[in-house]
Amino acid sequence: NAGVTQTPKFRVLKTGQSMTLLCAQDMNHEYMYWYRQDPGMGLRLIHYSVGEGTTAKGEVPDGYNVSRLKKQNFLLGLESAAPSQTSVYFCASTHQDRGRMTFFGQGTRLTVV
Amino acid sequence: AQSVTQLGSHVSVSEGALVLLRCNYSSSVPPYLFWYVQYPNQGLQLLLKYTSAATLVKGINGFEAEFKKSETSFHLTKPSAHMSDAAEYFCAVTPWTGDYKLSFGAGTTVTVRA
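The model shown is predicted, which means the values in this text are computed figures rather than measured ones.

A. Structural view of the pairing of strand S4 (residues 32-38) of chain B. Residue and element names in this part refer to chain B. Among the seven residues that make up S4, seven are buried, leaving the element largely enclosed by the rest of the structure. Both faces of S4 are covered, namely the face carrying Tyr32, Phe34, Tyr36 and Gln38 and the face carrying Leu33, Trp35 and Val37. With seven bridges joining them, S4 and strand S9 (residues 87-94) adopt antiparallel strand pairing. When the sheet's bridge partners are listed, Tyr36 is paired in S9 with Phe90. As defined by bridge partners, S4 adjoins strand S5 (residues 44-50) across six bridges and the pair is classed as antiparallel. In the strand pairing of S5, Leu33 is matched with Tyr50. Between S4 and S5, which pair antiparallel and follow one another directly, the connecting turn spans five residues, one of which, Asn41, has a positive phi of 60 degrees.

B. Main features of the nonpolar core. Residue and element names in this part refer to chain B. Core analysis: the largest hydrophobic core is formed by 27 residues, its most contacted members being Leu21, Trp35, Leu47, Leu48, Phe74, Leu76 and Tyr89. Where this core is concerned, the elements lending two or more residues are strand S2 (10-14), strand S3 (19-26), S4, S5, strand S7 (64-68), strand S8 (73-78), S9 and strand S11 (108-113). Leave out the neighbours within four places in its chain, and Leu48 touches Leu33, Phe34, Trp35, Val57, Lys58, Gly59, Phe63, Glu64, Ala65, Phe74 and Leu76.

C. View of the layout of surface pockets. In this structure, the largest pocket encloses a volume near 470 Å³. Surrounding the largest pocket, 26 residues form its lining, A:Gln37, A:Val88, A:Arg109, B:Gln38 and B:Asn41 being those nearest its centre. Of all the elements in the fold, those that place two or more residues in the lining of the largest pocket are strand S9 (87-94) and strand S11 (108-112) of chain A together with S9 of chain B. Sorting elements by how many residues they give to the lining of the largest pocket places S11(A) first, with four residues.

D. Broad picture of the interface of chain A and chain B. Counting residues at the interface gives 24 residues for chain A, matched by 24 residues for chain B. For the pair chain A and chain B, the summed buried area comes to about 1800 Å², and 55% of that belongs to carbon and sulfur atoms. Looking at the side of chain A facing chain B, the largest losses of area belong to A:Leu43, A:Arg100 and A:Phe104, adding up to 34% of the total buried there. Applying the counting criterion to the chain A and chain B interface returns zero salt bridges. Linking chain A with chain B are five residue pairs in polar contact (both at pLDDT 80 or more), by the criterion used here. The greatest single-element share of the side of chain A that touches chain B, amounting to four residues, is contributed by strand S4 (residues 31-37) of chain A. Split into classes, the residues belonging to the side of chain A that touches chain B amount to 11 nonpolar, 10 polar and three charged.

E. Expanded view of the sheet that holds strand S1 (residues 3-7) of chain B. All names here are of chain B. Spatial strand order, S1-S3-S8-S7-S6: five strands in an open sheet with antiparallel pairing. Looking at the sheet topology across the chains shown, the edges are occupied by S1 and strand S6 (56-58). In this sheet, neighbouring strand axes are inclined to one another by 20 degrees on average, regardless of whether the strands run parallel or antiparallel.

F. Main features of the sheet that holds strand S1 (residues 4-7) of chain A. All names here are of chain A. Pairing in this open sheet of four strands is antiparallel, and the strands run S1-S3-S8-S7 from one edge to the other. Edge strands, defined here as strands with exactly one partner in the open sheet, are S1 and strand S7 (65-67). With strand direction ignored, the average angle separating the axes of adjacent strands in the sheet is 20 degrees. By the bridge criterion, six bridges tie strand S3 (residues 19-25) to strand S8 (residues 73-78) in an arrangement that is antiparallel. From the neighbouring strand, Leu21 faces S8, where its bridge partner is Leu76.

G. Representation of unusual backbone geometry within the structure. Look at the link from A:Thr7 to A:Pro8: it is a cis peptide, with omega at -5 degrees. Tracing the chain through its elements places A:Pro8 in the loop between S1 and strand S2 (10-13). Its identity is not glycine, yet A:Asn28 carries a phi of approximately 60 degrees, on the positive side. Within the element layout of this structure, A:Asn28 appears in the loop between S3 and S4. In this model, B:Asn61 sits at a positive phi of 60 degrees, which is unusual for a non-glycine residue. Tracing the backbone shows B:Asn61 in the loop between S6 and S7. Since its relative accessible area comes to 41%, B:Asn61 is described here as partly exposed.

Thresholds applied
- Here the residue numbers are simple positions, counted from 1 along each chain's written sequence.
- To read the labels, note that chains go from A and ligands from 1, taken in the order they are written.
- Given that this is a predicted model, residues contribute local features only at a pLDDT of at least 70 and side-chain atom pairs are listed and counted only at 80 or more, while totals for whole chains, interfaces and linings are drawn from all residues.
- Think of the side-chain values as coming from all heavy atoms in the structure, minus any hydrogens and water.
- Here the term buried applies to any residue with accessible area under 20% of the maximum for its type, exposed to any over 50%, and partly exposed to those in between, with areas from a 1.4 Å probe on protein chains only.
- Helix and strand assignments come from DSSP, with helices taken as H or I runs of at least 4 residues and strands as E runs of at least 2, each series counted from the N terminus.
- Two strands qualify as a pair provided that DSSP identifies no fewer than 2 bridges between them.
- Residues enter a nonpolar core if they are buried and are Ala, Val, Leu, Ile, Met, Phe, Trp, Tyr or Cys, with the set joined through side-chain atoms within 4.5 Å.
- For this analysis, residues touch if any pair of their heavy atoms sits within 4.5 Å.
- Cavity means a closed set of points on a 1 Å grid over the protein atoms alone, one where a 1.4 Å probe fits but cannot get out, pocket means an open set with protein on both sides within 12 Å along at least 5 of 7 lines, and lining means a residue has an atom within 4 Å of a point.
- Grid points are joined across faces, edges and corners, and a volume is the space filled by probe spheres set on the points.
- Buried area, as used here, totals the accessible surface that two parts lose on assembly, with accessibility defined by a 1.4 Å probe and the loss added over both.
- Throughout this description, the term salt bridge denotes a Lys or Arg side-chain nitrogen within 4 Å of a carboxyl oxygen of Asp or Glu.
- Think of a polar contact as two N or O atoms within 3.5 Å of one another; within protein, one of them needs to be a possible hydrogen donor and the other a possible acceptor, and neighboring residues in sequence only count if both atoms come from side chains.
- Any residue that is not Ala, Val, Leu, Ile, Met, Phe, Trp, Tyr, Cys, Pro, Asp, Glu, Lys or Arg is counted as polar, Gly included; the first ten are nonpolar and the last four charged.
- Axes here refer to lines fitted to C-alpha atoms; in helices the fit is confined to the stretch in contact. Angles between the N-to-C directions go from 0 to 180 degrees.

Below, the structure is given as structure tokens:
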């Protein structure tokens, strides 16, 4: 029962470095999402995907890119990290027909110095 | 666009006392409504959800929430707080149709005093 798995769990980057966060789900969900969580702001949607090969912008997409080449995976990339991207990142997935149940990964804590 | 307002960023209750967390949404059509809990350094766990079947929704860990359309509210309650209820709680909404994106409130941190 893995659910939604995020890697890595922690990462420290220097300003200007790039990295990719990986999200994998084993529930055959069509919809996948990347959120960032900052104190006092709840979770804000970065990008999302409604199916394999599709992506769309969320509320705060600037500085991020995503790809969904396989249904079970959703990658979040930072091409040139900035201190403002220091945050906790959550991946989530939803099945379109099962009561709108959204499942979350355990999060990735990213610090950009 | 949907928005969610959680009144009070911090709530402190005594063990055994009532827990009341407030959530109001703005939408012309009542959406799906959810409450999530987040324990320190963990992901989000679903407490309960409203999907129009009943206005009083019971969730896990003794929590329940009541949907009031006239007040556009979905407040979360628990009759008797336990130390293990100390966590951050998020109200979230998603529309009936579309891409199921969740919109979250800013969160309420609950502290339980012994």
